[in-house]
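In case you want the letters, here they are:
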Number of protein chains: 2
Amino acid sequence: MVSIKDIAKKAGVSISTVSYALNGSSKVTDETSSRILAIAQELNYIPNAAARTLKKRESKIIGVFLTDFKGEVYGDLLDGMKEVANTQGYDLIVCSGKQSHRMLPERMIDGAIILDQAFESEELLEYADRNHKIVVLDRELDHKNINQVLLDNKAGATLAMEYLIERGHQKMYIVTGPPGSFDSMQRMKAVKQALDRVDHIEWIEIEGDFKKSGGEKAAKQIIADYKDPVAVFCLNDEMAIGLCNQITENSSLVIGEQIHLIGFDNIELTRYMQPRLATIDYSKRKWGALAAEQLIKLIAGDTVENERIYVTLVEGESVGYAVK
Amino acid sequence: MVSIKDIAKKAGVSISTVSYALNGSSKVTDETSSRILAIAQELNYIPNAAARTLKKRESKIIGVFLTDFKGEVYGDLLDGMKEVANTQGYDLIVCSGKQSHRMLPERMIDGAIILDQAFESEELLEYADRNHKIVVLDRELDHKNINQVLLDNKAGATLAMEYLIERGHQKMYIVTGPPGSFDSMQRMKAVKQALDRVDHIEWIEIEGDFKKSGGEKAAKQIIADYKDPVAVFCLNDEMAIGLCNQITENSSLVIGEQIHLIGFDNIELTRYMQPRLATIDYSKRKWGALAAEQLIKLIAGDTVENERIYVTLVEGESVGYAVK
DNA sequence: CTACTTTATGACAACCATTACACAGGATCT
DNA sequence: AGATCCTGTGTAATGGTTGTCATAAAGTAG
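These figures come from a predicted structure and were not determined experimentally. (Residues numbered from 1 in each chain as written. Chains lettered and ligands numbered in written order. Predicted model: local features only at pLDDT ≥ 70, side-chain atom pairs only at ≥ 80, totals over all residues. Heavy atoms only, no water.)

**Let's talk about the pattern of salt bridges**
This is how it is decided: What counts as a salt bridge is simple: a side-chain nitrogen of Lys or Arg found within 4 Å of a carboxyl oxygen of Asp or Glu. By the criteria applied, helices consist of DSSP H or I runs no shorter than four residues and strands consist of E runs no shorter than two, each listed in order from the N terminus. Between buried and exposed lies partly exposed: a residue is buried under 20% and exposed over 50% of the maximum accessible area for its type, with that area taken using a 1.4 Å probe on protein chains only.
Inspection of the entire model under this criterion finds 36 salt bridges over all chains. Salt-bridge contacts for Arg285(A) lead to Asp76(A); the nearest nitrogen and oxygen are separated by 3.9 Å. In this pair, Arg285(A) is assigned in helix H11 (residues 284–300) and Asp76(A) in helix H5 (residues 74–87), connecting sequence segments 209 residues apart. Among the residues examined, Arg285(A) registers a relative accessible area of 35% and is labelled partly exposed. By relative accessible area, which is 32% here, Asp76(A) ends up partly exposed. A salt bridge links Arg167(A) to Glu166(A), with the nearest nitrogen and oxygen atoms 3.7 Å apart. On the basis of relative accessibility, which here comes to 56%, the residue Glu166(A) falls in the exposed class. Ionic contacts of the salt-bridge type, sharing partners, join the residues Lys70(A), Asp76(B), Asp79(B), Glu83(B) and Arg285(B) into one network.

Structure (structure tokens):
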């Protein structure tokens, strides 16, 4: 491996001069500098990231921690992060699984964005205590080195519930996320508040998992119990899709007529559903971009306010009016 | 930051003894070792990855380079890689975009798995010349430091074509990937060979992009040209989905009756299509696992043979028999 | 022409961990 | 008892880069 030492030798200057030249310091004459640069090019020099990271105590890399690589939500989210990160001179890496956590405390990355319930808050707080910078997208955590960029879950769930209520639905199923999910709990809270505001609504909670399988399981229960048209609020779209498929395949019930279905997330997949799924939309791209921005500010030592991502309702034929 | 120096001071031993103890070397007495370990724990010591990488000239991290974070194929593929990597003591990071390429030559990662046409072969070969280890999944490259794990594209395309031909289809559209795509070219080659083996087949090539939009665009053309039932081979499922939706929404043509559609990849999404899409299947998980295995062997200095991933046909109601 | 800045460059320590080698002291052997 | 071998520990070099401080040369002022 060719190092600045080799360049220094060949150029007949000291290593510090090479370092200055390479980093574009104005301390070096243009002449010397361009000579050094030419030699570096000629020797095919590439700096060693480990050495630089060791010395500078920064790697210019941001890590994103996801539960798995399968989620439907992630595409735009990550693109949003990457765009901001790149324009600010950072690279983005995506990791998954407990093993990879080490990259944060071992200082391989300058900061972390967390979207993984399996990454325990206790662990995160420990790292924050060690002065590592973190942005969480899936929980609330109060620490000077941790920032949150959260979805406005409550507003979203409220919008969804009001949409169903306005259309006269009196019997509802709510399919939740996995126990302990922050998003699920927040959405559920708003659901209950919405239900408290009106009378005469019969409702049943079904425990889901935020995955298609949860929707399928819920569908089976709904089909088995079916008497009259019902409304279903799946706390995310992926379950809504699973539910929808299961209903279509294993019953003669029609979405939008006997089963009035609304989801949450507006994932790309819903664009290909028949009928169009009513859901709650928000800009994933913006969410990611904001998360990256906040993290970079944290890394820079700025104090930043927690941010919130606003949501809107997307109407769809999957929800019709209740007939009396 | 607490370093081994701090531990050494507190334990009253030298830094080398601490290092040996931390790395479980048998050179240190159990007594000394456990005393050191206790102090390390107490001081909340975490090793510095940069320092270790610098010295050991390895980071135990594998990088995967993808075109973007949106692809449907990636989930299982990455999971397969991660599993193998983790069991062999490596961490997996996923990167995208030209900026992140630097991680390979700068020795931040021990090797790279490439699934990104935008990562130029020329650049890869240059890195390989510098002794970096690479596994490519999307092209053929002959270099001692580069290994390939490729899909059996030809077999897949042949299976698909034979499936259509056996069912009596005489008029076909082939929707390709983007120009320059290795997978697309290989599949296309087999398509042409299959067509050469039979007479009387009228076929039209439509340039696609391996994304839904490509399928939608193709659908428009097919609808506009429509006279008699036709068969369509989309060179990947994502385009097939786009095509399918476009046809269903903007024409009265029925998939499996007037439009006989087959895809390639068997992505999870097709499970939710009506009718079930005929396609070509292969284990993404295995593909990823094999890629990671090969890369780790390369890093270890072993010479490895290129591998091939076998494919099978998945029948589906999206393809029916041609009626005379 | 001396004294004081300014400027370009060099020497060197530091970042943190690993590891080859040296060394001291005890155990083992003749 | 002297020679030899282990064994546990320390010393110091190493990896590549950055950046502080020192120094030499050139420039400016008095």
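**Thoughts on the packing of aromatic side chains**
The test is simple: Between the rings of Phe, Tyr and Trp (Trp by its six-membered ring), a pair exists once the centres lie within 6.5 Å; its type follows the angle of the planes, with under 30 degrees stacked, over 60 edge-to-face, and the other angles tilted. Charge-over-ring contacts are defined here by two conditions on Lys NZ or Arg CZ: a distance within 6 Å of the ring centre and an angle within 35 degrees of the ring normal.
Summed over all chains, the structure comprises six aromatic pairs over all chains. An angle of 90 degrees between the planes, with centres 5.5 Å apart, marks the rings of Phe65(A) and Phe119(A) as edge-to-face. Here Phe65(A), found in strand S1 (residues 61–66), pairs with Phe119(A), found in the loop between strand S3 (111–115) and helix H6 (121–129); they are 54 residues apart in sequence, far enough to count as distant. Accessibility assignment for this pair places Phe65(A) and Phe119(A) in one class, buried. Where Phe119(A) meets Tyr127(A), the ring centres are 6.4 Å apart and the plane angle is 90 degrees; that geometry is what we call edge-to-face. In this structure, Phe119(A) and Tyr127(A) share a single accessibility class: buried. Here the aromatic residues Phe65(A), Phe119(A) and Tyr127(A) are joined through ring pairs into a cluster of three or more. Stacked on the ring of Tyr282(A), the Lys or Arg Lys284(A) has its end atom at 4.5 Å from the ring centre. Above the plane of the ring of Phe264(B) lies Arg187(B), whose end atom (NZ or CZ) is 3.7 Å from the centre.

**Some remarks on the UniProt feature "domain: HTH lacI-type" (unreviewed entry) in chain A**
As a reminder, the rule being used: UniProt positions are given in the numbering used here, feature names are shortened, and annotations may be inferred rather than shown by experiment.
UniProt records the feature "domain: HTH lacI-type" (unreviewed entry) at residues 2–56 of chain A, using the numbering of this structure. Each end of residues 2–56 of chain A is marked by a C-alpha atom, and these two atoms are 20 Å apart; helix forms 67% of the span and strand 0%.

**Quick word on the packing of helix H1 (residues 4–11) of chain A against helix H3 (residues 30–42) of chain A**
Residues and elements named next belong to chain A. As a reminder of what qualifies: To obtain an axis, a line is fitted to C-alpha atoms, over the contacting stretch when the element is a helix, and the angle between two such axes runs from 0 to 180 degrees between their N-to-C directions. For this classification, under 35 degrees means roughly parallel, over 145 means roughly antiparallel, 65 to 115 means roughly perpendicular, and everything else is oblique. Throughout, a crossing is termed right-handed when the near helix is turned clockwise from the far one, and left-handed when it is turned anticlockwise from it by less than a right angle. Contacts are assigned to residue pairs that have any heavy atoms within 4.5 Å of one another.
Orientation of H1 relative to H3, taken along the N-to-C sense of each, is 125 degrees, at an axis distance of 10 Å. What the angle tells us is that H1 and H3 run oblique. For the crossing formed where H1 meets H3, the hand is right-handed. On H3, the residues touching Ile-7, Lys-10 and Ala-11 of H1 are Arg-35, Ile-36, Ile-39, Ala-40 and Glu-42.

**Notes on the protein's contact with DNA strand C**
The line we're drawing: Nearness is judged by heavy atoms alone; a residue qualifies as near a molecule or strand once a single heavy atom is within 4 Å of it. Identification of polar contacts relies on pairs of N or O atoms within 3.5 Å, with a donor-acceptor requirement for protein atoms, meaning one able to donate a hydrogen and the other able to accept it, and with residues adjacent in sequence counted only if both atoms are side-chain atoms. Residues are grouped as follows: Ala, Val, Leu, Ile, Met, Phe, Trp, Tyr, Cys and Pro are nonpolar; Asp, Glu, Lys and Arg are charged; every other residue, Gly included, is polar.
Taken together, 28 residues sit near DNA strand C, with Thr17(A), Thr32(A), Arg57(A), Ile4(B) and Tyr45(B) positioned nearest. Near-protein atoms of DNA strand C (within 4 Å) split between backbone and bases, with sugar and phosphate holding 63%. A distance of 2.5 Å separates a phosphate oxygen of DNA strand C from a polar atom in the side chain of Tyr45(B). Listed by contribution, the elements that provide at least two residues to the surface near DNA strand C are helix H2 (15–22) and helix H4 (49–56) of chain A together with helix H2 (15–22) and helix H4 (49–56) of chain B. Of the residues contributing to the surface near DNA strand C, the split by class is eleven nonpolar, eleven polar and six charged.

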